[in-house]
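One-letter residues, chain by chain:
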Amino acid sequence: MPAFSNYTAGTAVSKEPDRLFAQPLAQVPDFAFNEDVVRVFPDMIKRSVPGYPTIVENLGVLAAQFAQPNSVLYDLGSSLGAVTQALRRHVRTDGCRVIAVDNSAAMVERCREYLNGQDSMFQELLPVEVIEGDILALEFQPASVVALNFTLQFIAPDQRTALLSRIRQSLLPGGALILSEKLRFEDEQEHALLTDLHIAFKRANGYSELEIAQKRSAIENVMKPDSLEEHCERLLAAGFSKVVPWFQCLNFASLIALP
Ligand SMILES: Nc1ncnc2c1ncn2[C@@H]1O[C@H](C[S@+](CC[C@H]([NH3+])C(=O)[O-])CC(=O)[O-])[C@@H](O)[C@H]1O
Ligand SMILES: O=C(O)C(=O)Cc1ccccc1
């Protein structure tokens, strides 16, 4: 029987430990957000991304400062809805609603189950719509908050500026984009040090050398991190007026970009 828990106190989010890369694979396939990943995702992301729980919880706190009355809050690349649920719990502004978007059918199915479970347990949560779709093809409505929590790094690099420009165009005055990403570092020594420390973080969370190596080769073709400098330049080129980093833990960071 699968074990279920939640991020706060709900249902429908699997507690299954991530052992996806524990056995030697003859060939490591490219990483995909499929059924197998969905089953272990909460455990995988917590043990792989230093600062993830802090970022998710505080994204709700930040969003509450930028939310404008009667506007949309987007969670782009919502996975199982952790950010969506933080937004729904923290934002109290009149007439706000959340739109969560992900192009993985397996993620969207579990995300809907999880959010429905939260609705049946808590009152006063913001309304939410979960869309299965490509964020590159999305028609944005006027929005006060857009969260890209570790999603941009999976978008083809040559599509990133166009996506950010469209997000910028949809943002209302007083709103913000919150962008979290794994970082690459232009200084070789800094890059090597923070990469080693991230590996130590994974080891400390119970991943073996084999798991770390196979996961690394699974993601190297599909996840392309940029440097902080590249992010800032691109956000300004997309029309944002100000970029403020608010969190960094090892090689993972989160930025606030103002319209
Ligand atoms: N083009 C696309 N369109 C829609 N979704 C996409 C696209 N490309 C990738 N995704 C989706 O973006 C998500 C990235 S995970 C986000 C974690 C979440 N934000 C969290 O805070 O828990 C990050 C990670 O696993 O490192 C996956 O669910 C993909 O299906
Ligand atoms: O595991 C890693 O090394 C990462 O960089 C983060 C990650 C987390 C979850 C899915 C893909 C990548």
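Reading guide: rules and limits
Residues numbered from 1 in each chain as written. Chains lettered and ligands numbered in written order. Predicted model: local features only at pLDDT ≥ 70, side-chain atom pairs only at ≥ 80, totals over all residues. Heavy atoms only, no water. UniProt positions renumbered as here; feature names shortened; annotations may be inferred. 1 Å grid on protein atoms, 1.4 Å probe; cavity = no way out; pocket = protein on both sides within 12 Å on 5 of 7 lines; lining within 4 Å. Helix = DSSP H or I, 4+ residues; strand = E, 2+ residues; numbered from the N terminus. Contact = heavy atoms within 4.5 Å. Expected span 1.5 Å × (residues − 1). Buried < 20%, exposed > 50% of the residue type's maximum accessible area, 1.4 Å probe, protein only. Arc of directions from axis to C-beta. Near = heavy atom within 4 Å. Areas by Shrake-Rupley, 256 points an atom, 1.4 Å probe, with all protein chains shown as cover. Sits in = over half its atoms within 2 Å of the grid points. Nonpolar A, V, L, I, M, F, W, Y, C, P; charged D, E, K, R; others polar. Phe/Tyr/Trp six-rings, centres within 6.5 Å; stacked < 30°, edge-to-face > 60°. Lys NZ or Arg CZ within 6 Å of the ring centre and 35° of its normal. Polar contact = N/O pair within 3.5 Å; in protein donor to acceptor, adjacent residues only side chain to side chain. Points joined across faces, edges and corners; volume = space filled by probe spheres on them.

- Where an unreviewed UniProt entry is consulted, the protein chain appears under the name Carboxy-S-adenosyl-L-methionine synthase, with the organism given as Pseudomonas monachiensis.
- The record in UniProt for the protein chain states the following under Sequence similarities (unreviewed entry): "Belongs to the class I-like SAM-binding methyltransferase superfamily. Cx-SAM synthase family."
- A UniProt comment under Subunit (unreviewed entry) is attached to the protein chain, and it reads "Homodimer."

**Some words on the UniProt feature "binding site: S-adenosyl-L-methionine" (unreviewed entry) in the protein chain**
- With numbering matched to this structure, UniProt assigns "binding site: S-adenosyl-L-methionine" (unreviewed entry) to Tyr-52, Gly-77, Ser-78, Ser-79, Asp-102, Asn-103, Asp-134, Ile-135, Asn-149 and Arg-216. A stretch of 165 residues holds the annotated residues, and the largest C-alpha distance among them is 25.1 Å, long enough that they do not meet in one place. Within the annotated group just given, the residues that line the largest pocket are Tyr-52, Gly-77, Ser-78, Ser-79, Asp-102, Asn-103, Asp-134, Ile-135 and Asn-149.
- As for its placement among the helices and strands, Tyr-52 is situated in helix α2 (residues 52-66).
- Those residues within four positions of Tyr-52 in sequence are excluded, and the remaining contacts are Ile-45, Ala-82, Asn-149 and Phe-150.
- Within the secondary structure, Asn-103 sits in the loop between β4 (97-102) and α4 (105-121).
- For Asn-103, the contacting residues outside a window of four places in its chain are Gly-133 and Asp-134.

**Overview of helix α6 (residues 188-204)**
- With 17 residues, α6 extends 24 Å from end C-alpha to end C-alpha; this agrees with the ideal 24 Å at 1.5 Å per step.
- The complete set of buried residues in α6 reads Leu-194, His-198 and Lys-202. Buried residues of α6, viewed axially, fall in a sector of 90 degrees; they line one side. The outward face of α6, more than 90 degrees from its buried face, is lined by the exposed residues Glu-188, Gln-189 and Ala-204.

**Re the site of ligand 2**
- Close to ligand 2 lie Phe-31, Met-44, Ser-48, Val-49, Phe-154, Lys-182, His-198, Lys-202, Lys-215, Ile-219, Met-223 and Phe-252, which account for all nearby residues.
- Protein chains shield 95% of the accessible area of ligand 2, which is 320 Å² for the free molecule.
- The cavity where ligand 2 resides is the largest pocket.
- Within the shell around ligand 2, the residues separate by chemical class into seven nonpolar, two polar and three charged.

**Points about the packing of aromatic side chains**
- Scanning the model with the defined rule gives six aromatic pairs in all.
- With 5.2 Å between their ring centres and 85 degrees between their planes, Phe-31 and Phe-33 make a pair best called edge-to-face.
- A relative accessible area of 10% places Phe-31 in the buried class.
- Given the relative accessible area of 28%, Phe-33 is considered partly exposed.
- Relative to Phe-154, the ring of Phe-33 lies with its centre 5.1 Å away and its plane at 80 degrees, an arrangement referred to as edge-to-face. Highlighted residues: Phe-33 in the loop between β2 (13-14) and α1 (35-48) and Phe-154 in the loop between β6 (143-149) and α5 (160-170), separated in sequence by 121 residues.
- Sitting above the plane of the Tyr-207 ring, Arg-47 keeps its charged end 3.8 Å from the centroid.
- Sitting over the face of the ring of Tyr-207, Lys-202 holds its NZ or CZ atom 5.8 Å from the ring centroid.

**Thoughts on the site of ligand 1**
- Taken together, the neighbourhood of ligand 1 is formed by 19 residues, with Tyr-52, Gly-77, Ser-79, Asp-102 and Asp-134 sitting nearest.
- In the environment of ligand 1, a nitrogen atom lies 2.8 Å from a nitrogen or oxygen atom belonging to the backbone of Gly-77.
- Between Asp-102 and ligand 1, the recorded distance is 2.6 Å, taken from a side-chain N or O atom to an oxygen atom.
- In the complex, the protein chains occlude 94% of the 660 Å² of accessible area that ligand 1 would expose alone.
- With respect to the pocket detection grid, ligand 1 is positioned in the largest pocket.
- Among the residues forming the shell around ligand 1, the class breakdown is nine nonpolar, eight polar and two charged.

**So, empty space enclosed by the protein**
- Within this structure, the stated rule accounts for one cavity of 30 Å³ or more.
- In this structure, the largest cavity encloses a volume near 60 Å³.
- Around the largest cavity, the lining residues are Asp-18, Phe-21, Ser-48, Lys-202, Tyr-207, Glu-211, Ile-212 and Lys-215.
- When residues in the lining of the largest cavity are grouped by element, the largest group, three residues, is from helix α7 (residues 209-219).
- Across the lining of the largest cavity, the residue classes break down as three nonpolar, one polar and four charged.

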